[in-house]
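Residue-level structural notes
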Amino acid sequence: MVLSRRAVMLAPGLGWLALLLVIPCGIIFVHSFFERGIYGGIDYVFTLENYRRAIDPLYLRIFLASVRIALTATAIALLLGYPAAYFIALQAKRRQMPLLILIMLPFWSNYLIRTYAWIVLLNREGLINRGLIDLGVIDTPLSLLYNDFAVITGLVYGYVPFMILALYSSISKLGPDLREASTDLGAGAWRTFLRITLPLTLPGIAAGCIFVFVLSIGNFVTPDLLGGKQRAMLGNLIYGQFLTARDWPFGAALAFILIAIMMLLLSAQAWLVNREREIAP
Amino acid sequence: MDANVLLEINGISKSFGAITAVDDLTLRIAPGEFFALLGPSGCGKTTLLRMIAGFETPDRGQIRLAGSDMTGIKPNRRPINLMFQSYALFPHMTVAGNIGYGLEMEGVRGPGLKRRVGEALELVQLGALADRKPHRLSGGQRQRVALARALIKRPKLLLLDEPLGALDRKLREQMQIELKRIQRDTGITFIVVTHDQEEALTMADRIALLGQGRIVQLGRPRELYEAPVNRFAADFIGMMNFLPGKVTADGVALPGLGVFQASNRSDLPQGVEVVMAIRPERLRLYAEARAAALPGAVEGTAYLGQDLIVHLRLDATGQMLIARLTAGHDLTRDITTGQRLWCDWPGAQARLLAD
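The structure presented is a predicted model; accordingly, all values stated were derived computationally and were not measured. (Residues numbered from 1 in each chain as written. Chains lettered and ligands numbered in written order. Predicted model: local features only at pLDDT ≥ 70, side-chain atom pairs only at ≥ 80, totals over all residues.)

**A short note on the overall build of chain B**
Under the convention used in this document: Going along the chain from the N terminus, every DSSP run of H or I of four or more residues is numbered as a helix, and every run of E of two or more is numbered as a strand. Exposure classification rests on a simple neighbour count of other C-beta atoms within 10 Å of a residue's own: a residue reaching 20 or more is buried, one at 12 or fewer is exposed, and one in between is partly exposed. C-beta atoms are placed from the backbone. Throughout, a residue-residue contact means that the two C-beta atoms, derived from backbone geometry, are no farther apart than 7 Å.
Counting secondary structure elements, chain B contains eight helices and 20 strands. Each principal axis of the C-alpha atoms in chain B carries an extent, and together these give about 80 × 45 × 35 Å. Here chain B, with 355 residues, has 37% of them falling under the buried criterion. Taking contacts inside chain B between residues at least 6 apart in sequence as the whole, the part at least 24 apart equals 64%.

See the structure below:
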């Protein structure tokens, strides 16, 4: 009786996921083992060629560049996000919600539009270059756009709220007692942070980093708009295989590799969250 | 500096917004004392404790420990340790790691650290659990870890915030005796914050009863129980019957009941309005009428095992009295609701309270 009611409650959600997520992923997986048709279709002949091609140095280099950019963005988001999350978690309860809403406020506008805004800020005639020139800090405009710096800036900007939210939930769970106990036992603020706060918020750090990394490595809008064409990331490569090169099987293989990496990381995150829940009293 | 004073609190006050938590409070605590800060929630006892520990700064006044002013001294620099109500054990460290933390912060390492952690574990009888994580301990074991962790630095003063609050009754009674033993063995001055009067009466050498940020009464447990200074004190500690009346030339006139004697009548001027306070265990009940005993009807009973609580409504005034009979009393076997009983009390056991 209880089981059947649970099944009824879960059915719509699971059905939705199956229809729109699991089945499409399955189709991609299947397609990745076929050959590309001469005119861009799919020849239903089994092959492992697409996966062999994916580790070709040309594509491996793009893959490694994507990992490097995503890792850099993740590290910067962590460094920016931790103090912010810590500050919010330490506020009085009634002041926390407005601050969190402010953190999430950018989501109310379109990601694409917000990324375009960075072009306005970063280009040679943009606000930042103009400002620096007017202040006399520099004579000639800096190249802030169409490079890794711009991509990383865009990614950090876009995903730092996820980092803050993940860290906030971890830090706010800690409460003041453990910090005070550490202080009471003779630890200064810095040692309390290193010995108590930091280790106990590691699950939040891991969760936030995985969020930002997964979102960054799959992103193709930001590298496309801020990075220029020669700075392609994995997302752009996949996008290109499907829409420009019209090599769907290879695009599917790349997409599946990316999905597999994300699944692995998200499972690790789920495992960490579960473990934290078990340990917390 | 007076050698008989360890902690000196001089006129400290603390407000949070419009709420005055501690109001011009002065207190002296002797070295080696087991002291209890007792009071209802919101009486300021926890704020006072947190000011002594250094987590709150007094708005006014001064705290001196062993002669030195604590103003501006951070909690991690005070020779005081606090056992938190929540225990605040570090969940990512073992029992030994938790207990050794304070010494590690002092730079104690290696065999010296191990030896002293071992001693602390011994003191609270937790030797076998050194490598466990806190989430695998029972409530009572966690409490002992918290105590050992707070004691290991041999503070001049140990503060305990509701130390037994989270334990069940049986364990609590056991730990009251245990805490007392540990305090005696270590010679460390203990200040316990509690809202549980029984806990304070059992453990403390002296009790400060707090109400609205001030000390209502300060004294030994027996003084607080037997000679409460006002109605608040009488009501907070133990159960008490209150009968309003007026002091006259030959006793205390209780309207509708007659004239009665009280232990402290001579302290009060004639004509003054008072409340007569009588402990339930001092009331005597009789199955038959006798001279000067007041008749009433049993309204209900509560069986406590060793005691029986009887609610008696007086015929004359309708006032309710609570009597506590020990199990051996003749009447306990056959008191029923609605039954008629007569009660009186020795004059020496009645106490007059002016407010």
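**Looking at the overall build of chain A**
The helix and strand inventory of chain A stands at twelve helices and two strands. Each helix and strand of chain A, ordered N terminal to C terminal, gives the series α-β-β-α-α-α-α-α-α-α-α-α-α-α. Viewed in the frame of its principal axes, chain A has a C-alpha envelope of about 75 × 75 × 35 Å. Taking all 281 residues of chain A together, the buried fraction comes to 32%. Here the contacts in chain A between residues at least 6 apart in sequence split such that 70% fall between residues at least 24 apart.

**Focus: the interface of chain B and chain A**
Definition in use: Each residue is assigned to one class: nonpolar for Ala, Val, Leu, Ile, Met, Phe, Trp, Tyr, Cys and Pro, charged for Asp, Glu, Lys and Arg, and polar for all the others, Gly among them.
Each side of the interface is counted separately: chain B has 17 residues, and chain A has 17 residues. Every element with two or more residues in the side of chain B that touches chain A is listed here: strand S6 (80-83) and helix H2 (95-105) of chain B. In terms of residues, the side of chain B that touches chain A owes the most to one element, H2 of chain B, which gives three residues. Partitioned by chemical class, the residues of the side of chain B that touches chain A number ten nonpolar, six polar and one charged.

**So, the packing of H2 of chain B against helix H3 (residues 110-123) of chain B**
All names here are of chain B. Worth spelling out the cut-off: Angles run from 0 to 180 degrees between N-to-C directions of axes, and those axes are lines fitted to C-alpha atoms, restricted for helices to the stretch in contact. Our angle categories are set so that under 35 degrees counts as roughly parallel, over 145 as roughly antiparallel, 65 to 115 as roughly perpendicular, and the remainder as oblique. In this scheme the handedness of a crossing depends on how the near helix is turned from the far one: anticlockwise by less than a right angle means left-handed, clockwise means right-handed.
Relative orientation of the contacting elements H2 and H3 amounts to 125 degrees, with a least axis distance of 9 Å. With respect to H3, the element H2 is oriented oblique. Relative to H3, the crossing made by H2 is right-handed. Residue-level inspection shows Ala96, Ile99, Gly100, Leu103 and Glu104 of H2 in contact with H3, the latter providing Leu113, Arg116, Val117, Ala120 and Leu121. When the residues that make up the contact of H2 with H3 are grouped by side-chain class, the tally is seven nonpolar, one polar and two charged.

**Description of unusual backbone geometry**
Residues and elements named next belong to chain B. For Gln125, which is not glycine, the phi torsion reads 60 degrees and is therefore positive. Looking at where Gln125 falls in the secondary structure, it is placed in the loop between H3 and helix H4 (139-151). The phi dihedral of Ala292 falls on the positive side, at around 70 degrees, and the residue is not glycine. Mapping Ala292 onto the fold places it in the loop between strand S15 (284-286) and strand S16 (294-303). Its 8 C-beta neighbours within 10 Å are what place Ala292 among the exposed residues.

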